[in-house]
Amino acid sequence: YREGKMYEEDGEGNRTAATSNLEWQTEALEELPSSCQASVYVTFPQDLDLDAFAKLYGEWRDGNVYFMYAAVAVSDGYISDTIGFSPTGYGMVFDNTPEEYPYFQLFDHADAMDQDPAAVWEKHFRDNVTYLSNRGAFLEAMASVNGICPEYYRDILSFIDENGINIYGALLSGDVDGILSFIEKESPVDFYVSDVR
C-alpha cells in the first residue's frame with residue numbers, strides 16, 4: 001500500500017489498503033500446516049522511528065518471526081522504490097570494507113547491536129546510502145535503467161536528515177503460526193505473502 005501498489009480506491013479517488021487481499025491471505029495462511037515457513041511483507045499502521053522499531057524487533061526475537069528487511073521511508077506519501085536494510089545483517093559478509101564507512105556491514109558491530117540497535121542501524125543505513133551516493137560510475141553502469149543516480153541517494157540523505165530514519169514496513173519470515181500471531185497482534189495496515197515453503 002505504501003508503495004502505491006496494493007490499494008482500493010473509492011468513488012472520490014481516496015486510496016486505502018486493499019482489505020480484501022488481507023482476508024483471503026489470512027485464510028490461506030490459516031489453512032497451511034504448522035510446518036510451513038512463510039515470508040510476508042507488512043506495512044505498519046504508522047511509521048516507526050528506529051527506537052520504536054528496535055522495541056518491536058526485540059519483542060518478536062523469540063525464534064518464530066525473523067525481520068529480514070526493514071523498509072525506510074525516504075519521501076512523503078507513496079514510495080516508488082523500496083530502500084532499507086537488513087536489521088540482522090543477513091547476507092554477504094565482506095572481508096574488506098571501505099574504512100571511511102565503518103558501519104557498512106552490521107556483522108562488525110554485533111556487540112553494539114545488543115546494546116543499542118537503533119543507533120547501529122542508523123549508522124549502518126547512513127553509511128550504505130552515503131557509499132552509494134559516491135558511486136556515480138557504478139550506478140550509471142548498473143542502475144541507470146531505473147533512474148537511480150547519486151542524486152537519488154543524496155535526496156534520501158537530505159530526507160532522513162530532516163525527518164529521521166523511520167520504518168514503514170518489513171519483510172518477515174517465520175513459521176506460519178508466528179506470522180499469523182504477528183499479524184493478529186500488530187495489525188499491519190496491509191501485508192502480502194511473498195513465499196511459502
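Residues numbered from 1 in each chain as written. Predicted model: local features only at pLDDT ≥ 70, side-chain atom pairs only at ≥ 80, totals over all residues. Heavy atoms only, no water.

K.L.:
Mind showing me how you'd approach the packing of aromatic side chains here?
P.N.:
Aromatic ring pairs: the centre-centre distance and the angle between the two ring planes describe each pair. Following the criterion strictly, the structure yields 14 aromatic pairs and no others. Plain terms: the ring middles of Phe44 and Phe53 are 6.5 Å apart, the flat faces sit at 50° to each other, and that makes the pair tilted. This pair shows no difference in class: Phe44 is buried, exactly as Phe53 is. Here the aromatic rings of Phe53 and Phe67 are separated by 5.5 Å at their centres, their planes lie at 90°, and the arrangement is edge-to-face. Within this pair, whereas Phe53 is found in helix 2 (residues 50-59), its partner Phe67 is found in strand 4 (residues 65-72), the two being separated by 14 residues in sequence. A residue is classified by how much of its surface remains accessible, and Phe53, at 0% relative accessible area, is buried. Connected via pairs of aromatic rings, a cluster forms that spans Phe44, Phe53, Tyr57, Trp60, Phe67, Phe85, Trp121, Phe125 and Phe182. (Phe/Tyr/Trp six-rings, centres within 6.5 Å; stacked < 30°, edge-to-face > 60°. Buried < 20%, exposed > 50% of the residue type's maximum accessible area, 1.4 Å probe, protein only. Helix = DSSP H or I, 4+ residues; strand = E, 2+ residues; numbered from the N terminus.)

K.L.:
I would appreciate a short explanation of the sheet that holds strand 5 (residues 84-85) in the present structure.
P.N.:
Spatially, five strands are ordered 5-4-6-3-7 in an open sheet, and the strand pairing comes out antiparallel. Whereas interior strands pair on both sides, the edge strands pair on one side only; in this sheet they are strand 5 and strand 7 (190-196). Of the pairings in the sheet, the one linking strand 4 to strand 5 comprises two bridges and is antiparallel in character. Looking at the pairing, Ala71 lines up with Gly84 of strand 5. Of the strands in this sheet, strand 3 (37-49), strand 4, strand 5 and strand 6 (166-175) are in contact with helix 2, which crosses strand 3 at around 145°. (Pairing = 2+ DSSP bridges. Contact = heavy atoms within 4.5 Å. Axes fitted to C-alpha atoms, helices over the stretch in contact; angles between N-to-C directions.)

K.L.:
For this particular structure, what's the right way to read the pattern of salt bridges?
P.N.:
Where charged atoms from two side chains of opposite charge approach closely, those side chains can pair. One pass over the structure, following the stated rule, counts three salt bridges. Its salt-bridge partner being Arg126, residue Asp161 comes within 2.7 Å of it at the nearest N-O pair. Here Arg126 lies in helix 4 (residues 117-133) and Asp161 lies in helix 6 (residues 150-163), a separation of 35 residues in the sequence. By relative accessible area, Arg126 is classed as partly exposed at 22%. Here the salt bridges do not stand alone but share partners, grouping Glu122, Arg126 and Asp161 into one network. (Salt bridge = Lys/Arg side-chain N within 4 Å of Asp/Glu carboxyl O.)

K.L.:
For this particular structure, what's the right way to read the packing of helix 2 against helix 4?
P.N.:
Geometrically, a packed helix pair is captured by the angle between its two axes and the distance between the axes. The interhelical angle for the contact between helix 2 and helix 4, taken along N-to-C directions, is 120°, at an axis separation of 8 Å. Comparing the axis directions of helix 2 and helix 4 gives the class oblique. Pair helix 2 / helix 4 crosses with right-handed handedness. Of helix 4, the residues touching helix 2 (which contributes Leu50, Asp51, Phe53, Ala54 and Tyr57) are Pro117, Ala118, Trp121 and Glu122. Per-class residue counts for the contact of helix 2 with helix 4 are seven nonpolar, no polar and two charged. (Parallel < 35°, antiparallel > 145°, perpendicular 65-115°, else oblique. Left-handed = near helix turned anticlockwise from the far one by under 90°. Nonpolar A, V, L, I, M, F, W, Y, C, P; charged D, E, K, R; others polar.)

K.L.:
I'm lost on unusual backbone geometry in this one. Help?
P.N.:
The phi torsion of most residues other than glycine is negative, and most of the peptide bonds are trans. If you check the backbone angles, Ser187 has positive phi at about 45° while not being a glycine. For Ser187, the location among the structural elements is in the loop between helix 7 (176-186) and strand 7.

K.L.:
Please clarify how the pairing of strand 3 should be interpreted in this entry.
P.N.:
Regular strands show a simple pattern: their side chains alternate between the two faces of the sheet. Where strand 3 lies against strand 6, nine bridges are found, and the strand directions are antiparallel. Within the sheet, the bridge partner assigned to Val42 lies in strand 6 and is Ala170. Pairing between strand 3 and strand 7: six bridges, direction antiparallel. Bridged to Ser39 within strand 7 is Asp195.

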